[in-house]
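Residue-level structural notes
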Amino acid sequence: MANNHVVREGEEVYGKVPAKSITYGDYGILKEKVYGYKYYRGSACQKANKQYMTVWAPYREGWRVS
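As a starting point, this report considers the structure included with it. Note on numbering: residues in each chain are counted from 1, in written sequence order. Confidence filtering applies because this is a predicted model: local features only for residues at pLDDT of at least 70, side-chain atom pairs given and counted only at 80 or more, and all residues used for totals across whole chains, interfaces and linings. Side-chain figures throughout are based on the complete set of non-hydrogen atoms in the structure, without hydrogens or water.

**Points about the overall build of the chain**
What counts is decided by this rule: What counts as a helix is a DSSP run of H or I of at least four residues, what counts as a strand is a run of E of at least two, and both are numbered from the N terminus. Each residue gets one of three labels from its accessible area relative to the maximum for its type: buried under 20%, exposed over 50%, partly exposed in between, using a 1.4 Å probe on protein chains only. The protein chains shown are the only cover counted for residues, whose accessible areas, like all others here, come from Shrake-Rupley with a 1.4 Å probe.
Each helix and strand in the chain was counted, giving zero helices and two strands. When the 66 residues of the chain are sorted by exposure, 9% land in the buried category. Counting only carbon and sulfur atoms, one obtains 53% of the accessible surface of the chain, whose full area is about 6,200 Å².

**Some words on a nonpolar patch on the surface**
Going by this rule: For patch detection, residues must exceed 30% relative accessible area and be free of salt bridges, and they are connected within 9 Å for like charges or within 5 Å for nonpolar side chains (Val, Leu, Ile, Met, Phe, Trp, Tyr). Salt bridges are defined as contacts in which a side-chain nitrogen from Lys or Arg sits within 4 Å of a carboxyl oxygen from Asp or Glu.
Where nonpolar side chains cluster on the molecular surface, the patch consists of Val-34, Met-53 and Val-55 and spans about 200 Å² of accessible area. Position of Met-53 among the secondary structure elements: in strand β2 (residues 47-65).

**With respect to the environment of Gln-46**
Quick reminder of the rule: Throughout, a residue-residue contact means that at least one pair of heavy atoms, one from each residue, lies within 4.5 Å. Between N or O atoms, a polar contact is any pair within 3.5 Å; within protein, one atom must be a potential hydrogen donor and the other a potential acceptor, and residues adjacent in sequence are included only when both atoms are from side chains.
Topologically, Gln-46 is positioned in the loop between β1 (25-41) and β2. Residues within four places of Gln-46 in sequence aside, it is in contact with Tyr-40 and Arg-41. Of note is the side chain of Gln-46, whose polar atom sits 3.2 Å from the backbone nitrogen of Ala-44.

**Topic: the pairing of β2**
So the rule is basically this: One bridge is not enough; two strands pair if DSSP finds at least two bridges between them.
Here 16 bridges tie β1 to β2, and the two strands are oriented antiparallel to one another. When the sheet's bridge partners are listed, Lys-31 is paired in β2 with Pro-58. Counting the residues that bridge the hairpin from β1 to β2 gives five residues, and of these Cys-45 lies at a positive phi of roughly 65°.

**What about the pattern of salt bridges?**
Here the structure, examined in full by the defined rule, presents one salt bridge. Put simply, Arg-64 and Asp-26 hold a salt bridge, and the shortest N to O gap is 3.2 Å. Highlighted residues: Arg-64 in strand β2 and Asp-26 in strand β1, separated in sequence by 38 residues. The partly exposed category is assigned to Arg-64, whose relative accessible area is 43%.

**Quick notes on the environment of Tyr-40**
Its place among the elements puts Tyr-40 in strand β1. Distance in space between the C-alpha atoms of Tyr-40 and Gln-51 is 9.7 Å, their sequence separation being eleven residues.

**Here's the deal with the packing of aromatic side chains**
The cut-off we apply is this: Aromatic pairs are defined between Phe, Tyr and Trp rings, using the six-membered ring for Trp, whenever the two ring centres lie within 6.5 Å; interplanar angles under 30 degrees are classed as stacked, those over 60 as edge-to-face, and all others as tilted. A ring has a charge above it when a Lys NZ or an Arg CZ is no more than 6 Å from the ring centre and no more than 35 degrees off the ring normal.
This structure, assessed with the given rule, holds four aromatic pairs. Between the aromatic rings of Tyr-27 and Trp-63, the centroid separation amounts to 5.2 Å while the plane-to-plane angle is 70°, which identifies the pairing as edge-to-face. Taken together, the residues Tyr-27 in strand β1 and Trp-63 in strand β2 connect sequence positions 36 residues apart. On the accessibility criterion, Tyr-27 (9% relative accessible area) is buried. Each residue in the set Tyr-35, Tyr-37, Tyr-39 and Tyr-52 is aromatic and connected to the rest through ring pairs, giving one cluster. Residue placement shows Lys-31 over the ring face of Trp-56; its charged tip is 4.9 Å from the ring centre. One residue, Lys-47, lies across the ring of Tyr-39, its end atom 5.0 Å from the ring centre.

Given below as structure tokens:
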């Protein structure tokens with residue numbers, strides 16, 4: 001996710017940093033793990049071919065500080 005993002009006016013990131021330590025920040029698209037299922041509707045509106053799945057989905061742009 002490293003992209004050498006330049007902070008623009010209006011962007012903020014903050015956190016506590018202990019003395020004599022380093023904190024790293026990374027800017028990008030954050031993701032979350034989502035669990036669900038998909039299916040097809042038949043001609044009589046019945047559910048067919050139901051398949052469960054787990055995927056990573058983007059949910060916001062921003063800073064991750066570690």
